[in-house]
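# Structural overview for review
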Amino acid sequence: MQHILDAVRAADFVKKMGHVRQLAGLSIESTGPDVLVGEICEISTRYADHKIKAEVVGLRDGRVMLMPYGEIHGIGVGSEVLATGQLPRIAVGEHLLGRVIDAFGDPLDGKPLMQASEYRPLKAMPLNPLSRPRIKEILETGVRCIDGLLTIGKGQRVGIFAGSGVGKSTLLGMISRHTVADVNVIALIGERGREVREFIEKHLGAEGIKRSVVIVATSDQPALARARAAYAATAIAEYFRDNGKQVMLTMDSVTRFAMAKREIGLSVGEPPTARGYTPSVFAEIPELCERCGTASSGGAITALYTVLVEGDDFNEPVSDMLRATLDGHIMLSRRLAQQGHYPAIDVLHSVSRLLGDLISSEDQALVHEALENMASYERNRQLIDMGAYRAGSSAEIDQAIQLWPHLTSFLRQRDEDVLGREQVVVQLRDILCNAGKQETQSDGVLQ
């Protein structure tokens with residue numbers, strides 16, 4: 001009987017009601033009810049037995065400001081607003097593996113979903129900085145360029161920066177298929193509806209989906225649903241990490257999350273700042289990113305956030321802030337993509353901030369030598385392409401020219417050409433030690 005008594009004591013027998021007073025765009029203002037920011041409300045419509053869920057996003061002049069999770073058809077002045085007393089949460093558990101769900105945890109793949117036994121709040125507190133173990137283990141992604149020259153560790157947070165159509169989703173799919181992680185949590189935020197199935201079937205594949213949870217919020221959904229998907233994916237990843245799992249969280253894209261938060265902020269009256277982004281955007285993105293990383297449970301969330309660079313301007317506000325927030329950035333180049341160079345990673349403008357902590361000093365010297373030769377070639381590219389450079393003028397440039405075709409061939413990769421990191425390092429060492437000599441010998445020049 002005790003559990004019945006506890007339920008009765010905890011029950012709220014008084015309904016907290018309010019009424020819609022104004023509707024502008026997707027912003028709904030109501031008089032009452034007595035609610036907290038972030039609380040879920042149900043708004044009655046003119047259609048029988050149909051209610052719309054909305055979230056309290058602000059309080060202004062004694063009125064409650066809400067944004068709906070779905071269409072607002074049927075709402076009018078005087079519509080009842082019922083406070084549910086619930087804060088946003090998501091069902092978590094092993095039953096999510098291999099499934100495609102929406103931002104609310106409902107299945108999108110047409111299969112029934114088991115009843116969840118545990119729920120997590122969407123907005124959890126970040127870990128204590130001193131409780132985070134240092135990142136010391138390498139995470140192999142199956143991408144030669146990343147494993148060899150931009151090595152990342154388990155628990156690192158990295159941004160993939162690119163303009164539209166340069167290959168972000170394709171690179172994410174390749175990493176998701178080949179990465180050595182226990183669980184993949186993939187958030188597709190603001191994607192075209194056509195691309196969702198294409199990503200799952202083409203880029204992720206049957207093997208990749210088995211150990212993955214895919215959370216989808218397409219571009220036609222309200223801003224609140226798109227923002228919620230990012231929080232839901234992070235909460236699910238936290239569940240698996242707290243159970244000691246190595247989790248790969250990929251979010252495509254964090255820019256569309258920022259756009260959704262901008263839309264929400266503007267609707268509740270926040271002042272616009274750089275490129276129309278509201279101040280809360282620049283506060284919530286670091287808050288979201290800081291929830292990833294290592295934990296005392298032994299698990300870790302390695303996060304890959306794609307950043308859609310507007311107008312190929314890598315210094316626009318969201319890109320600039322994320323470069324300062326994350327533990328590394330991978331730049332994709334439109335010039336390389338147009339040349340058929342896949343993956344189109346611009347190594348010279350990319351960096352892993354934990355490279356020095358993850359690899360040996362010998363391997364670091366190897367990486368630096370490769371980058372120096374590539375940088376030397378790029379500095380003198382115009383002279384070389386014009387035929388103005390004369391062989392023998394500079395030993396450094398001569399070596400860069402000899403190594404360039406071998407290094408670019410190393411950086412290009414077909415999907416099936418997957419090697420372990422040790423093999424990648426051996427391959428890179430062979431190029432730097434032997435390719436130049438072979439080139440010179442083939443030209444019949446004295447050593």
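Use the structure listed above.
Below or above, wherever it landed, is the structure these notes cover.

Quick notes on the rules
- Residues numbered from 1 in each chain as written.
- Predicted model: local features only at pLDDT ≥ 70, side-chain atom pairs only at ≥ 80, totals over all residues.
- Heavy atoms only, no water.
- Helix = DSSP H or I, 4+ residues; strand = E, 2+ residues; numbered from the N terminus.
- Buried < 20%, exposed > 50% of the residue type's maximum accessible area, 1.4 Å probe, protein only.
- Areas by Shrake-Rupley, 256 points an atom, 1.4 Å probe, with all protein chains shown as cover.
- Lys, Arg positive; Asp, Glu negative; His and termini not counted.
- Charge placed at Lys NZ, Arg CZ, Asp CG, Glu CD.
- Salt bridge = Lys/Arg side-chain N within 4 Å of Asp/Glu carboxyl O.
- Core = buried A, V, L, I, M, F, W, Y, C linked by side-chain atoms within 4.5 Å.
- Contact = heavy atoms within 4.5 Å.
- Phe/Tyr/Trp six-rings, centres within 6.5 Å; stacked < 30°, edge-to-face > 60°.

Now for the overall build of the protein. Of the regular secondary structure elements, the protein holds 14 helices and 19 strands. Along the first, second and third principal axes, the C-alpha set of the protein runs to 95 × 50 × 40 Å. Looking at the 447 residues of the protein, the share that counts as buried comes to 52%. Carbon and sulfur atoms form 52% of the exposed surface of the protein, whose accessible area is close to 20,900 Å². Side chains of the protein carry 49 positive and 57 negative charges; the gap between the two charge centres is 3 Å.

Moving on, we get to the pattern of salt bridges. Counted by the stated rule, this structure contains 28 salt bridges. Among the salt bridges present, the one from E29 reaches R60, with a minimum N-O distance of 3.0 Å. Of this pair, E29 sits in strand β2 (residues 27–31) while R60 sits in strand β4 (residues 51–60), and the two are 31 residues apart along the sequence. Judged by relative accessible area, E29 falls into the buried class, the value being 13%. Residue class for R60 comes out partly exposed when judged on its relative accessible area of 32%. A salt bridge links R421 to D363; the nearest nitrogen and oxygen atoms lie 3.8 Å apart. With R421 in helix α14 (residues 421–442) and D363 in helix α11 (residues 361–379), the pair connects residues that are 58 residues apart, well separated along the chain. Like R421, the residue D363 is buried in the burial classification. Linked by salt bridges that have partners in common, E118, R120, R241 and D242 make up one network.

A word on the nonpolar core. Core analysis: the biggest nonpolar cluster contains 58 residues, and L149, V214, I330, L332, I345, L407 and L428 have the highest contact counts within it. If we ignore the near neighbours within four places in the chain, the residues touching L428 are L149, L366, A370, L407 and F410. The next biggest cluster of nonpolar side chains, apart from the first, holds 57 residues, and it includes Y69, F161, A217 and V254.

Counting across every chain of the model gives five aromatic pairs. Aromatic side chains Y231 and F257 sit 5.6 Å apart centroid to centroid with 80 degrees between the ring planes, which places their arrangement in the edge-to-face category. Of the two residues, Y231 sits in helix α5 (residues 223–242) while F257 sits in helix α6 (residues 254–267), which places them 26 residues apart along the sequence. Since its relative accessible area comes to 0%, F257 is described here as buried. Residues Y377 and W404 carry aromatic rings whose centres are separated by 4.1 Å and whose planes lie at 5 degrees to one another, so their mutual orientation is stacked. Of this pair, Y377 sits in helix α11 while W404 sits in helix α13 (residues 395–411), placing them 27 residues apart in sequence.

To continue, consider the environment of G208. Considering the arrangement of structural elements, one finds G208 in helix α4 (residues 193–210). As a C-alpha pair, G208 and I345 span 137 residues in sequence and 23 Å in three-dimensional space.

As a further point, take unusual backbone geometry. With an omega of 0 degrees, the peptide bond between G32 and P33 qualifies as cis. Examined against the element boundaries, P33 turns out to sit in the loop between β2 and β3 (40–44). The residue D61 is not glycine, and still its phi comes out positive at about 55 degrees. Summarising the element assignment, D61 is placed in the loop between β4 and β5 (63–68). Given a relative accessible area of 75%, D61 falls into the exposed group. One non-glycine residue, R275, lies in positive phi territory at about 55 degrees. When you line up the elements, R275 lands in the loop between α6 and α7 (279–289).

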